[in-house]
Amino acid sequence: MTPPSEVHSFAGPKGSPMNPKKLLIMWLAILAVLAMAASACGNDDDAPATSEPEPTVATSEPDPEPEPTSEPEPEPTPREMQDVSLRLPWFPSAQFAGSYVAAAKGFFEEEGLSVTINPGGFDVNSITLVAAGSDDFGLHDTNSLLFAAVEEIPLVTVATYLHAHPGAIMSLESSGFESLSDLVGATIGFQEGGPWQLTQAMLTQNGVDPDSLNQVAVGFDLTPLFEGDIDLLTVFSTNEPVLAELQGFPVDVFIPYDYGVQTSANALFTTTSFRQDNPEVVCGMVRAMARGWQYAFDNPEEAVEIIVAVDPDNLTVEKEAASLEAVRSSVLSESALADGIGTMTAERWQTVDEVLRQYGGLEADIDLANVYDDYCF
């Protein structure tokens, strides 16, 4: 009996031994699989090192094509300035602050105007000079402008900056006058003109006969009042009372506007032809001067410096500061605050007409619509 073989053979179907050729193929397949498994399970250290990925560099977009250069915009054409002149009715003072401040602060320039301000004086009449064409604009009293209309001088008023006329009468405080009725028998010094005409209207309207006062024609010197030669003096409340107080003489002032005789002053006027040919220039003047007045009251110290610089040899800070404060109520009246600085009313012009007919010798008929024009407001 042959001993069993040491090599175990795989049996085929029904226990028959496998074909040697198939057995060989099977072993080769098994060896191939084992080789592949060994390769996959090799030590990681043997694997090739992998480097960090290179950072992505953001590539910029290609530069855009340059836009075609446009033609440079032309420089703005400088505004053409209109040269005009303004003639005052009197010497420089805070009474004309609106004009001087408007010039100094550039308000005229903003309206396209180059304005020369010419002073008035004893022998300088703004109405005559504007009518003759020597000046384009003027300031004057409304009373005088009505008389100019009687003489058929072709002028038109476009604004009045002192809504409350400052014409008045002044007495020393020591005189003890407390009411208009106390003035009967007193001696009043007067100059012909607006304040005297308004004073007569004030007295009459309040039951005092002007002829019950002793009337003496005087000049502009305050000495007769200070020395007792007269008891009363016709003045502008914005000027002489300030001078008297600064010289140590306390005074009382009676202003017709406060007693029912309501007229205006500091009227801005020009010729009818200039107004027709230059409406925007006229309204530019009106606006700039109103702004000048408002700025002066909002900045009184600066305004006084501007005024004094006009005539430093004759003007002082102390006096002009007091005058500016004195004129405040005339410019910033209730009507001015409601309607605007410089505005006019038919009622105030009608009052001027009535006063002049009764006390100024006015007789001719006047169409007030031709005397003033408020189209700038």
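Further up the page is the structure itself.
Below: a short report on this structure. Since the model is a prediction, treat every value here as computed from it, not as a measurement. (Residues numbered from 1 in each chain as written. Predicted model: local features only at pLDDT ≥ 70, side-chain atom pairs only at ≥ 80, totals over all residues. Heavy atoms only, no water.)

Quick look at the layout of surface pockets
Step number 1: Empty space within the largest pocket amounts to approximately 1,100 Å³.
Step number 2: In terms of lining, the largest pocket is formed by 40 residues, of which the most central are Pro 89, Trp 90, Gly 121, Phe 220 and Phe 236.
Step number 3: Contributions of two or more residues to the lining of the largest pocket are made by β3 (137–140), α5 (142–150), α6 (194–205), β8 (232–236), α8 (240–246), β10 (265–271) and α12 (317–331).
Step number 4: Across the lining of the largest pocket, the residue classes tally to 18 nonpolar, 15 polar and 7 charged.
Step number 5: The calculated volume of the second largest pocket comes to roughly 160 Å³.
Step number 6: Here the residues of the lining of the second largest pocket sort into 5 nonpolar, 5 polar and 1 charged. (1 Å grid on protein atoms, 1.4 Å probe; cavity = no way out; pocket = protein on both sides within 12 Å on 5 of 7 lines; lining within 4 Å. Points joined across faces, edges and corners; volume = space filled by probe spheres on them. Helix = DSSP H or I, 4+ residues; strand = E, 2+ residues; numbered from the N terminus. Nonpolar A, V, L, I, M, F, W, Y, C, P; charged D, E, K, R; others polar.)

Quick look at α6
An α-helical turn contains 3.6 residues, so a residue and the one three or four places further along point in the same direction.
Step number 1: Over its 12 residues, α6 runs 16 Å from end to end, which matches the ideal 16 Å to within 8%, given 1.5 Å per residue.
Step number 2: In terms of residue burial, α6 counts as a mostly covered element, since 10 of its 12 residues are buried. (Expected span 1.5 Å × (residues − 1). Buried < 20%, exposed > 50% of the residue type's maximum accessible area, 1.4 Å probe, protein only.)

Some points on the pattern of salt bridges
For side chains bearing opposite charge, pairing can occur when the charged atoms are close.
Step number 1: The tally for this structure, following the rule as stated, stands at 9 salt bridges.
Step number 2: Put simply, Glu 280 and Arg 287 hold a salt bridge, and the shortest N to O gap is 4.0 Å.
Step number 3: The salt bridge partner of Glu 325 is Arg 328, with a shortest N-O separation of 3.3 Å. Of this pair, Glu 325 and Arg 328 are both found in helix α12, 3 residues apart, which corresponds to roughly one turn of the helix.
Step number 4: Judged by relative accessible area, Glu 325 falls into the partly exposed class, the value being 48%.
Step number 5: Looking at Arg 328, the relative accessible area reads 25%, which means it is partly exposed.
Step number 6: Overlapping salt bridges, with partners in common, bring together Glu 111, Glu 280 and Arg 287 in one network. (Salt bridge = Lys/Arg side-chain N within 4 Å of Asp/Glu carboxyl O.)

Here we look at the sheet that holds β10
Step number 1: Spatial ordering of the open sheet is given by β2-β1-β3-β10-β4, a layout of 5 strands whose pairing is mixed. Where the open sheet ends on each side, the last strands, each with one partner, are β2 (113–118) and β4 (155–162). Across the sheet, the axes of successive neighbouring strands diverge by a mean angle of 25°, strand direction being ignored.
Step number 2: Sheet strands in contact with helix α10 (residues 279–298) are β1 (82–87), β2, β3, β4 and β10, and its direction is about 15° off that of β4. (Pairing = 2+ DSSP bridges. Axes fitted to C-alpha atoms, helices over the stretch in contact; angles between N-to-C directions. Contact = heavy atoms within 4.5 Å.)

Focus on the state of the cysteines
Step number 1: The final tally for this structure, using the stated rule, is 1 disulfide.
Step number 2: A sulfur-sulfur distance of 2.2 Å marks the disulfide that ties Cys 283 to Cys 376. In this structure, the disulfide formed by Cys 283 and Cys 376 twists by about -90° around the S-S bond and is classed as left-handed. One end of the pair, Cys 283, is in helix α10; the other, Cys 376, is in the segment after α14 (346–359), with 93 residues separating them in the sequence. Each member of the pair, Cys 283 as well as Cys 376, is classed as buried. (Disulfide = S-S within 2.5 Å.)

Thoughts on the packing of α10 against helix α11 (residues 300–310)
Step number 1: The N-to-C vectors of α10 and α11 enclose an angle of 120°; their axes lie 5 Å apart at closest approach. Considered as vectors, α10 and α11 are oriented oblique to each other. Each of Tyr 295, Ala 296, Phe 297 and Asp 298 in α10 lies in contact with α11, whose residues at this interface are Pro 300, Glu 302 and Ala 303.
Step number 2: Its residues assigned to classes, the contact of α10 with α11 comprises 5 nonpolar, no polar and 2 charged. (Parallel < 35°, antiparallel > 145°, perpendicular 65-115°, else oblique.)

Observations regarding empty space enclosed by the protein
Step number 1: This structure, assessed with the given rule, holds 2 cavities of 30 Å³ or more.
Step number 2: Estimated volume of the largest cavity: approximately 50 Å³.
Step number 3: Forming the boundary of the largest cavity are Leu 145, Ala 148, Ala 149, Ile 153, Leu 155, Val 156, Thr 157 and Val 371.
Step number 4: When residues of the lining of the largest cavity are traced back to their parent elements, those giving at least two are α5 and β4.
Step number 5: Of the residues in the lining of the largest cavity, the class split is 7 nonpolar, 1 polar and no charged.
Step number 6: Roughly 30 Å³ of internal volume is contained in the second largest cavity.
Step number 7: Every residue lining the second largest cavity is listed: Thr 142, Thr 160, Ser 264, Met 344, Arg 348, Trp 349 and Val 352.

The values reported here are purely geometric and, on their own, carry no functional implication.
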